[in-house]
Protein chains: 2
Amino acid sequence: MTQIDKFTDVDKLAVSTIRLLAVDQVASANSGHPGAPLGMAPAAHVLFTQMRMNPKNPDWINRDRFVLSNGHAVALLYSMLHLSGYNYSIEDLKQFRHLNSKTPGHPEFELEGVEVTTGPLGQGISSAVGLAIAQANLAATYNKPDFVLSDNYTYVFLGDGCLEEGISSEASSLAGHLRLGNLIAIYDDNKITIDGATNVSFEEDVAKRYEAYGWEVLYVENGNEDLNGIYNAIQQAKLSKDKPTLIKMSTTIGFGSLAAGSHAVHGSPLKPDDIKQLRTKFGFDPNTSFTVPQEVYDLYQRKVVTPGQQAEDDWNKLFASYEKKYPDYAACLSRRLRGELPEGWESKLPTYTPADSAIATRKTSEIALDAIHSIPEVLGGSADLTPSNLTRWKEAVDFQPPSTGLGDYSGKYIRFGVREHAMGAIINGISAYGANYKPYAGTFLNFVSYAAGALRLSALSGHPVIWVATHDSIGVGEDGPTHQPIETLAHFRALPNVHVWRPADGNETSAAYKVALSSKTSPSILALSRQNLPQLEGSSIEKASKGGYILNDVSNPDIIFVATGSEVSLAVETSKQLAAKNIKARVVSMPDMLTFDRQPEDYRLSVLPDSVPILSVEVLTTFGWGKYAHQSFGLDRFGASGPAPSVFKKFEFVPEGLASRAEKTIAFYKGKEVISPLRKPF
Amino acid sequence: MTQIDKFTDVDKLAVSTIRLLAVDQVASANSGHPGAPLGMAPAAHVLFTQMRMNPKNPDWINRDRFVLSNGHAVALLYSMLHLSGYNYSIEDLKQFRHLNSKTPGHPEFELEGVEVTTGPLGQGISSAVGLAIAQANLAATYNKPDFVLSDNYTYVFLGDGCLEEGISSEASSLAGHLRLGNLIAIYDDNKITIDGATNVSFEEDVAKRYEAYGWEVLYVENGNEDLNGIYNAIQQAKLSKDKPTLIKMSTTIGFGSLAAGSHAVHGSPLKPDDIKQLRTKFGFDPNTSFTVPQEVYDLYQRKVVTPGQQAEDDWNKLFASYEKKYPDYAACLSRRLRGELPEGWESKLPTYTPADSAIATRKTSEIALDAIHSIPEVLGGSADLTPSNLTRWKEAVDFQPPSTGLGDYSGKYIRFGVREHAMGAIINGISAYGANYKPYAGTFLNFVSYAAGALRLSALSGHPVIWVATHDSIGVGEDGPTHQPIETLAHFRALPNVHVWRPADGNETSAAYKVALSSKTSPSILALSRQNLPQLEGSSIEKASKGGYILNDVSNPDIIFVATGSEVSLAVETSKQLAAKNIKARVVSMPDMLTFDRQPEDYRLSVLPDSVPILSVEVLTTFGWGKYAHQSFGLDRFGASGPAPSVFKKFEFVPEGLASRAEKTIAFYKGKEVISPLRKPF
């Protein structure tokens with residue numbers, strides 16, 4: 001490849017400007033991380049001035065994506081977004097890390113120009129794999145001869161911390177397998193971590209590791225100054241069409257600072273004297289701050305803003321022709337870009353009556369997926385548990401590189417491998433890509449915990465991803481306590497903005513899919529049984545879509561059971577036994593607390609009213625049920641290995657066990673004033 | 001190295017016996033995983049017949065450790081433990097996966113001969129790194145010229161699943177850095193996962209990856225049959241003194257079965273006909289089961305049981321001489337082997353009075369660690385956040401390979417790198433090693449979630465490890481919601497058997513260390529503040545060691561605040577403001593719910609009695625507080641980026657905000673019957 005000397009003194013000035021803007025932000029906040037921005041400013045400048053994006057329309061679908069996986073270097077990102085013409089003013093930069101500003105301490109998804117939330121290390125590079133998967137799928141689905149609607153790249157900055165996190169290993173190994181040539185990561189090899197030199201804990205040969213994953217590895221020896229070297233590496237990476245690329249770039253952390261090359265510049269503001277000498281060194285007035293020379297603005301106008309607007313204009317023209325030649329595809333893509341699901345899609349969801357046979361909810365989940373898989377934006381897979389999770393519909397095509405003969409990029413079934421954490425970050429990335437992608441991920445409920453870090457970012461970012469989490473209790477049986485979730489539902493119910501569904505039957509499973517797929521801003525976990533469950537009298541998609549409802553009512557109940565999943569049929573069975581003793585029990589099914597919480601108060605109080613003791617029934621931890629129940633029957637210990645029915649019996653989750661607890665509860669509250677737990681002083 | 005032909009027909013018979021015992025167990029349970037045992041039986045036989053262990057004393061400190069990282073292959077392990085003379089009878093094997101048997105569905109730590117609990121993939125290999133670290137530390141601490149008290153190896157079996165999990169990447173990279181020559185892993189390269197051929201998601205060059213980590217990589221081409229090849233590889237690995245070794249062994253999953261080499265044999269019992277042909281093929285009567293030829297028992301007696309007993313006898317003699325020559329070291333090690341801490345160690349824990357200055361609990365934690373670091377079994381470190389977690393005492397020596405010049409294996413400060421999940425598994429392994437090791441791990445509270453999978457096994461196994469989890473709330477400030485825990489305390493409180501401490505001041509921090517280090521069977525998380533907190537009037541180590549106590553009392557309170565950590569001083573401050581309005585508030589500090597739950601009922605009811613409304617105050621999720629409080633003031637949403645005081649104010653965690661909520665709570669319960677939430681019908 002021809003090596004081109006593309007860069008002038010204005011570019012060098014731009015790099016210095018970027019460096020100082022980052023330093024100024026950190027100084028203004030008196031908090032933040034100046035070291036990485038000082039080292040990576042040249043790469044940021046070179047990268048952004050060759051990226052394709054329209055800062056006036058940050059959502060344009062065919063823009064290149066940029067992910068700052070080392071999210072603590074966010075001052076660098078805000079500098080770039082400001083210069084590139086996104087809606088970040090110098091005043092916004094001055095508000096860095098101030099409360100309610102547009103420039104918080106780490107990149108957050110809802111901010112213009114931020115593709116995914118980062119900061120928790122390893123998440124960015126892993127979500128970037130999701131962005132790249134989405135692009136490959138969109139291209140394979142909609143591109144036609146002479147109509148390349150999708151061809152964007154995903155670029156990532158990452159540091160040692162991201163490489164040390166296991167999630168990045170998982171995601172990078174999968175990216176290599178998937179031959180994602182549209183993914184280009186620049187590794188800031190600055191030899192410094194918070195604890196000091198990287199060699200106190202990190203001596204591995206990163207390049208060799210990435211080659212082992214099947215990546216192309218390129219080198220930039222002097223990332224501090226060699227703009228042409230960085231440019232050439234990026235261009236070469238773009239030519240690597242069947243491999244992702246890692247560019248290993250050597251830099252000096254805190255370049256230019258008096259403390260350059262030491263961990264002192266990683267996470268603390270530079271001292272005022274240091275800033276002054278830095279400004280002087282870079283040819284800026286030492287007594288000013290937040291300075292952007294006009295020729296730098298002009299350069300960004302010329303290299304980023306104008307060509308970005310032109311690129312989108314061209315794309316819009318292309319799409320107009322595409323609409324004429326491929327009206328069905330165009331209509332489909334347009335619908336997706338509007339964020340709408342196909343009209344009437346919910347009507348395809350299966351419904352059940354009590355006459356239907358008892359089947360596991362992992363199976364009703366499979367039936368639901370099979371019914372709706374034709375929605376093009378629904379795609380997903382399993383962490384190597386496909387035959388157990390039942391996440392693959394009949395005749396699914398795998399999302400695989402065509403060269404492997406195992407599938408195609410237009411395929412929608414993803415073989416994630418045993419990589420739960422990366423899977424969580426990847427579906428975040430797929431969702432973040434846009435085009436209404438609705439990704440799902442399958443594993444055992446117990447191992448969703450491996451992905452807690454990623455799911456937290458789904459919730460914080462509002463990615464409406466779906467976890468198909470089967471084997472949801474001691475119903476796992478023989479695999480035993482290592483595989484039987486106890487704390488898992490409580491964990492994710494305590495996480496804001498997460499739907500934690502535990503359907504009791506087929507109708508409730510369909511309701512979970514209906515609400516989950518309709519959601520624009522909340523992730524969902526579907527906790528599904530391994531064992532068969534009966535189809536309940538009184539359940540329906542409509543009722544379950546309220547999150548909690550009266551399944552089985554009686555007049556003047558003595559007690560209310562509020563149950564989920566496999567314990568709903570237990571409560572129904574028990575209520576029949578109690579009726580024989582003239583004890584009247586209402587059965588409430590509560591498949592999703594978050595959805596229930598979002599119903600009007602009068603509805604909620606009609607389900608869980610005053611004056612009747614409420615007993616929750618769920619064969620996992622009781623922790624958190626105090627929100628809805630006066631007393632809880634659960635499992636506040638680890639489970640046991642054995643056939644599922646014998647394990648349920650051991651813990652007394654049988655009608656006799658529940659009935660005796662109901663009677664004790666009624667006796668305890670007899671003559672006492674009973675207030676619904678929903679009633680609160682504030 | 002000379003290649004020795006060590007094995008005879010009896011060894012081949014033993015391998016067939018092992019294979020069939022595993023198949024019989026799975027058949028008897030009608031559940032389990034026959035595939036991996038059939039493939040790995042030769043390696044298991046070769047390995048066990050050269051390992052040093054005394055099955056009559058499974059706890060002998062200098063035994064070799066064996067970890068079955070692919071824990072689903074547990075039927076293989078039970079076969080080996082039976083043959084090797086551990087307390088597993090044929091009857092026990094017949095009870096495989098039956099309720100209350102000694103042979104549950106995955107290896108569990110409390111079982112004889114099981115070194116760490118496995119099954120959740122990646123945990124075993126990572127805990128093995130901890131076992132190896134502990135051995136290196138023990139040897140460097142107690143070995144003397146001519147007195148090699150510790151020189152055992154740690155052996156691991158693992159499969160593709162473990163290698164795909166990021167946790168194993170983290171642990172393996174660190175093991176390479178640490179040059180743990182005492183660690184030998186045998187990788188069962190059988191090309192099959194649950195989803196089918198490994199190449200649907202896993203094509204990386206594993207050997208190259210491990211070389212990149214700094215491991216020695218050896219190969220066994222025919223793991224199905226080549227006993228000598230396996231033996232020679234193990235012997236060669238033992239010579240690799242400054243590198244861990246990965247032996248890449250090719251096997252056929254389900255070797256001998258009609259479905260050999262397919263994923264059909266991974267996780268389902270073999271069909272009866274298949275078992276019959278297998279028995280015939282191996283020269284066994286097809287109509288019997290659980291058959292062990294006497295010559296196989298004899299072989300194990302000769303190769304395992306007798307030399308194992310001899311090895312411990314020799315060691316005991318060596319130790320007797322050591323006691324004479326190095327009485328102090330011997331006394332120290334003896335004490336540790338008895339599982340006792342140094343007498344009076346608690347008296348070193350610092351105490352505070354209200355006259356002492358306000359300091360962050362991460363700082364009082366540092367002071368506590370500094371006071372007790374001379375306890376030799378206390379060792380630990382941080383996931384690259386040492387200057388933030390304050391986990392390193394003055395003059396600590398790093399646990400590092402001496403050749404790096406960065407420390408020594410007798411050092412007790414571990415630089416884990418940014419590898420939270422592996423860190424969790426590694427401290428499990430260190431704890432499991434014995435010798436009373438009390439490991440701790442530092443990171444931000446929010447990132448303990450990355451290690452949820454490992455912490456779950458700490459709790460299930462009862463490893464009394466300690467997490468030093470700083471930056472415990474929105475008090476993080478500018479780093480923002482990506483770093484501010486909300487759900488984290490609820491998550492781990494919902495996990496059985498975990499102490500979740502959130503100390504309010506220095507005395508409570510000392511109490512947390514006292515209880516945590518004294519614990520024999522429960523892990524602890526210490527959630528510590530970034531920001532300064534005052535030393536409270538009324539706190540003490542003794543009181544806080546009850547988990548919850550009355551910090552500040554009044555006669556006939558109108559309301560009880562139950563608070564933790566930084567909110568205790570807020571409650572105290574608020575109670576003073578309320579007193580001015582003639583509203584009387586008791587303040588209860590509840591630093592650890594688990595410890596409180598373990599107090600007698602009358603004590604608990606004296607703290608949280610009937611007739612007074614109880615309001616919990618904690619600036620994280622309210623989820624779960626219903627167990628102790630009628631109403632909760634918390635943060636059921638994500639936090640915000642900004643200076644900590646302004647973030648607290650935004651969410652009204654200031655005296656005015658709490659006072660107004662207290663008044664509403666009192667008004668709500670006025671005239672109503674108030675029962676303590678501790679009173680329960682069952």
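Per chain, the residues get numbers from 1 upward, laid out in the order the sequence is written. Written order decides the labels, with chains lettered from A and ligands numbered from 1. Restriction of local features to residues with pLDDT of at least 70 applies here, the model being predicted, together with a cutoff of 80 or more for giving and counting side-chain atom pairs; totals for whole chains, interfaces and linings are based on all residues. Values reported for side chains reflect all heavy atoms of the structure, with hydrogen atoms and water molecules removed beforehand.

Student: Hey, could you run me through the overall build of chain A in this one?
Tutor: Counting its regular elements, chain A contains 25 helices and 20 strands. Structurally, chain A occupies a C-alpha span of about 90 × 60 × 45 Å along its principal axes. Evaluated residue by residue, chain A yields a buried proportion of 70% over its 682 residues. Considering only contacts within chain A whose residues lie at least 6 apart along the sequence, 78% involve residues at least 24 apart. Values of accessible area rely on a 1.4 Å probe in the Shrake-Rupley scheme; residue burial ignores everything except the protein chains shown. Of the roughly 21000 Å² that chain A leaves accessible, carbon and sulfur atoms contribute 50%. The way it works is that DSSP assigns letters per residue, a run of H or I at least four long becomes a helix, a run of E at least two long becomes a strand, and they are numbered from the N terminus. The cut-offs for exposure are 20% and 50% of the maximum accessible area for each residue type, with area from a 1.4 Å probe on protein chains only; residues under the lower value are buried, those over the upper are exposed, and the others partly exposed. Note on contacts: a residue pair is in contact if any heavy atoms of the two residues lie within 4.5 Å.

Student: Is there a simple way to explain the packing of aromatic side chains in this structure?
Tutor: To describe a pair of aromatic rings, one takes the distance between the centres and the angle between the planes. Stacked, tilted and edge-to-face are the three classes applied to pairs of Phe, Tyr and Trp rings, where Trp contributes its six-membered ring and a pair requires centres within 6.5 Å; stacked means planes under 30 degrees apart, edge-to-face means over 60, and tilted covers the rest. The final tally for this structure, using the stated rule, is 54 aromatic pairs over all chains. On the numbers, 6.0 Å between centres and 65° between planes, the contact of Phe-596 of chain B with Tyr-628 of chain B is edge-to-face. Here Tyr-628 of chain B lies in the loop between strand 19 (614-617) and strand 20 (631-633) and Phe-596 of chain B lies in helix 22 (residues 593-597), a separation of 32 residues in the sequence. Look at Phe-596 of chain B and you get buried, because its relative accessible area is 0%. A network of ring pairs unites the aromatic residues Trp-60, Tyr-142, Phe-147, Trp-315, Phe-319, Tyr-322, Tyr-326 and Tyr-329 of chain A as a single cluster. In this scheme, Lys NZ or Arg CZ marks a charge over a ring once it lies within 6 Å of the ring centre and within 35 degrees of the ring normal. The ring of Tyr-329 of chain A carries the charged tip of Lys-144 of chain A above its face, separated from the ring centre by 3.8 Å. Here Lys-672 of chain B stacks its cationic end above the ring of Phe-668 of chain B, 4.2 Å away from the centre of that ring.

Student: Looking at this model, I keep getting lost on the interface of chain A and chain B. Mind explaining?
Tutor: Quoted interface sizes are often the accessible area lost when the parts come together. The interface is formed by 110 residues belonging to chain A together with 112 residues belonging to chain B. Defined here as a combined quantity, buried area equals the accessible surface (1.4 Å probe) lost by two parts on assembly, summed across both. Here chain A and chain B share an interface that buries about 9300 Å² over both sides, 60% of which is from carbon and sulfur atoms. By salt bridge we mean one thing: a side-chain nitrogen of Lys or Arg within 4 Å of a carboxyl oxygen of Asp or Glu. Across the chain A-chain B interface, the total number found is 10 salt bridges. Gly is put with the polar residues, along with every residue not named as nonpolar or charged; the nonpolar set is Ala, Val, Leu, Ile, Met, Phe, Trp, Tyr, Cys and Pro, and the charged set is Asp, Glu, Lys and Arg. Residue composition of the side of chain A that touches chain B, by class: 41 nonpolar, 38 polar and 31 charged.

Student: Before we go on, may I ask you to explain the domain arrangement of chain A in this structure?
Tutor: Here the bounds of each domain stem from an automatic or database domain assignment. For chain A, the assigned domains are domain 1 (9-310), domain 2 (345-528) and domain 3 (546-669). Centre-to-centre separation of domain 1 of chain A and domain 3 of chain A, based on C-alpha positions: 52 Å.

Student: Teacher, can you tell me more about the environment of Ser-539 of chain B here?
Tutor: Residue and element names in this part refer to chain B. Topologically, Ser-539 is positioned in the loop between strand 15 (532-533) and helix 20 (541-544). As for Ser-539 and Asn-497, which are separated by 42 residues in sequence, their C-alpha atoms are 25 Å apart. Apart from the residues lying within four places of it in its own chain, the contact partners of Ser-539 are Asp-505, Asn-507, Tyr-549 and Leu-551. By the criterion applied in these results, polar contacts are pairs of N or O atoms within 3.5 Å in which, for protein atoms, one can donate a hydrogen and the other can accept it, and in which residues neighboring in sequence qualify only through two side-chain atoms. There is a polar contact of 2.7 Å between the side chain of Ser-539 and the side chain of Asp-505. One polar contact links the side chain of Ser-539 to the main-chain carbonyl oxygen of Leu-536, over a distance of 3.5 Å.

Student: What should I look at first to understand the side chain of Arg-419 of chain A in this one?
Tutor: Within the secondary structure, Arg-419 of chain A sits in the loop between strand 10 (413-415) and helix 15 (420-433). As used throughout, the charge tally considers Lys and Arg to be positive and Asp and Glu to be negative, leaving His and the chain termini uncounted. Buried within the structure, Arg-419 of chain A lacks any salt-bridge partner; its nearest side chain of opposite charge belongs to Glu-164 of chain B, at an N-O separation of 4.0 Å. A distance of 3.0 Å separates a polar side-chain atom of Arg-419 of chain A from the backbone oxygen of Ser-201 of chain B. In this structure Arg-419 of chain A touches Glu-170, Ser-173, Leu-174 and Ala-383 of chain A together with Glu-164, Glu-165, Ser-201 and Phe-202 of chain B, once residues within four positions along its chain are discounted.

Student: Hey, could you run me through the sheet that holds strand 9 (residues 378-382) of chain B in this one?
Tutor: Across a sheet, paired strands are connected by hydrogen bonds in the backbone, their directions being either parallel or antiparallel. Residue and element names in this part refer to chain B. Taken in spatial order, the six strands make up an open sheet running 10-9-11-12-14-13, and their pairing is parallel. Pairing within the sheet leaves two strands with one partner each, and these edge strands are strand 10 (413-415) and strand 13 (499-501). Going across the sheet, the axis of each strand differs from the next one's by a mean of 20°, ignoring polarity. One requirement defines pairing of two strands: DSSP has to find at least two bridges between them. Both strand 11 (residues 438-444) and strand 12 (residues 466-470) contribute to a ladder of five bridges, which runs parallel. What counts as an axis is a line fitted to C-alpha atoms, over the stretch in contact for a helix, and the angles between N-to-C directions run from 0 to 180 degrees.

Student: Got a minute to help me understand the UniProt feature "active site" (unreviewed entry) in chain A in this structure?
Tutor: UniProt positions are given in the numbering used here, feature names are shortened, and annotations may be inferred rather than shown by experiment. Under the feature "active site" (unreviewed entry), the UniProt entry names Glu-420 of chain A. Positionally, Glu-420 of chain A belongs in helix 15. Once residues within four sequence positions are removed from consideration, Glu-420 of chain A is found in contact with Glu-170, Ala-383, Thr-443, Phe-447, Tyr-450, Ala-451 and Trp-467 of chain A together with Glu-165 of chain B.

Student: Can you help me understand the relation of the copies chain A and chain B in this one?
Tutor: Two copies of the chain are present, and they differ by a rotation about an axis and a shift along that axis. Least squares is the method used to superpose the copies, on C-alpha atoms of residues holding a pLDDT of at least 70 in both. Aligned on chain B, chain A shows an RMSD of 0.0 Å; the corresponding rotation is 180° and the shift along the axis is 0.0 Å. Overall, the copies show the geometry of a two-fold rotation axis. When the interface residues of chain A are mapped onto chain B, 100% of them are again interface residues, pointing to one common binding face.

Student: Explain the packing of helix 7 (residues 166-178) of chain B against helix 15 (residues 420-433) of chain B here, please?
Tutor: A pair of packed helices can be characterised by two numbers: the angle between their axes and the separation between those axes. All names here are of chain B. The geometry of helix 7 relative to helix 15 is characterised by a closest axis approach of 8 Å and an angle of 70° between their N-to-C directions. Comparing their axes, helix 15 and helix 7 come out roughly perpendicular. Contact residues: helix 7 offers Ile-167, Glu-170, Ala-171 and Leu-174, while helix 15 offers Glu-420, His-421, Ala-422, Ala-425 and Ile-426. For the contact of helix 7 with helix 15, the residue count by class is six nonpolar, one polar and two charged. Note that the term roughly parallel is reserved for angles under 35 degrees, roughly antiparallel for angles over 145, roughly perpendicular for angles of 65 to 115, and oblique for everything else.

Student: Which parts of the structure should I look at to understand helix 1 (residues 9-29) of chain B?
Tutor: Spacing of three or four residues puts side chains on the same side of an α-helix, whose turn is 3.6 residues. All names here are of chain B. Helix length check: helix 1 (21 residues) gives 30 Å between terminal C-alpha atoms against 30 Å at 1.5 Å per residue, within 8%. Within helix 1, 15 of the 21 residues are buried, which leaves it mostly tucked inside the rest of the structure. Where helix 1 begins, the capping side chain belongs to Thr-8, and its oxygen is found 3.1 Å from the backbone nitrogen of Val-10. Note on helix 1: the residue one or two positions beyond its end, Asn-30, has a positive phi of about 50°. Expected helix span is taken as 1.5 Å per residue step, with the number of steps being one fewer than the number of residues.

Student: Hey, could you run me through the confidence of the model for chain A in this one?
Tutor: Segments scoring low in pLDDT should not have their predicted coordinates read at a detailed level. A score between 0 and 100, pLDDT records how confident the predictor is in each residue. Per-residue confidence for chain A averages 97 on the pLDDT scale, and 99% of its residues sit at or above 70. Here the predicted complex scores 0.98 on pTM and 0.98 on ipTM.

Student: Quick question: what am I supposed to make of the pairing of strand 9 of chain B here?
Tutor: All names here are of chain B. Where burial is concerned, most of strand 9 is hidden: five out of the five residues are buried. Burial of strand 9 is two-sided: the residues Val-378, Gly-380 and Ser-382 facing one way and the residues Leu-379 and Gly-381 facing the other way are all buried. Sheet analysis places strand 9 next to strand 11, joined by five bridges and oriented parallel. Counted as the bridge partner of Ser-382 is Gly-442 from strand 11. The sheet contact formed by strand 9 and strand 10 spans three bridges and is parallel. By the bridge assignment for strand 10, Ser-382 is matched with Arg-415.

Student: Can you walk me through empty space enclosed by the protein in this structure?
Tutor: One way to see where empty space is left: roll a probe the size of a water molecule over the atoms. We place a 1 Å grid over just the protein atoms. Points where a 1.4 Å probe fits but has no way out form a cavity, open points with protein on both sides within 12 Å along at least 5 of 7 lines form a pocket, and any residue with an atom within 4 Å of a point lines it. Grid points are joined across faces, edges and corners, and a volume is the space filled by probe spheres set on the points. If you walk through the whole model with that rule in mind, you get 11 cavities of 30 Å³ or more. When its volume is computed, the largest cavity comes out at roughly 80 Å³. Lining the largest cavity are Glu-165, Gly-166, Ile-167, Glu-170, His-421 and Tyr-450 of chain A together with Glu-165, Gly-166, Ile-167, Glu-170, His-421 and Tyr-450 of chain B. Elements represented by at least two residues in the lining of the largest cavity include exactly helix 7 (166-178) of chain A together with helix 7 of chain B. Taken together, the residues of the lining of the largest cavity break down into four nonpolar, four polar and four charged.

Student: Explain the pattern of salt bridges to me, please; I cannot follow it from the model alone.
Tutor: One side chain can pair with another of opposite charge once the charged atoms of both are near each other. Summed over the entire model, instances satisfying the criterion amount to 56 salt bridges over all chains. Residue Asp-479 of chain B is joined to Arg-97 of chain A by a salt bridge in which the shortest nitrogen-to-oxygen separation is 2.8 Å. Residue Asp-479 of chain B is found in the loop between strand 12 and helix 18 (488-494), and its partner Arg-97 of chain A is found in the loop between helix 4 (90-94) and helix 5 (123-142); the two belong to separate chains. The same class applies to Asp-479 of chain B and to Arg-97 of chain A, which are both buried. When the shortest N-O distance is used, the salt bridge between Asp-553 of chain B and Arg-586 of chain B registers 2.8 Å. A residue pair is termed long-range when its members are at least 10 positions apart, and Asp-553 of chain B in the loop between strand 16 (549-552) and strand 17 (559-563) and Arg-586 of chain B in strand 18 (residues 585-589) qualify at 33 residues. For Asp-553 of chain B, a relative accessible area of 41% puts it in the partly exposed group. Residue Arg-586 of chain B is classed as buried on the basis of its relative accessible area, which comes to 9%. Salt bridges sharing common partners tie together Asp-195 of chain A together with Arg-392, Asp-398 and Arg-415 of chain B.

Student: What exactly am I supposed to notice about unusual backbone geometry here?
Tutor: For Glu-652 of chain A, which is not glycine, the phi torsion reads 65° and is therefore positive. Inspection of the secondary structure assignment puts Glu-652 of chain A in the loop between helix 24 (644-650) and helix 25 (655-669). Note on Glu-652 of chain A: relative accessible area 38%, which makes it partly exposed. A positive phi angle is found at Ala-435 of chain B, which is not glycine, with a value near 55°. Position of Ala-435 of chain B among the secondary structure elements: in the loop between helix 15 and strand 11.

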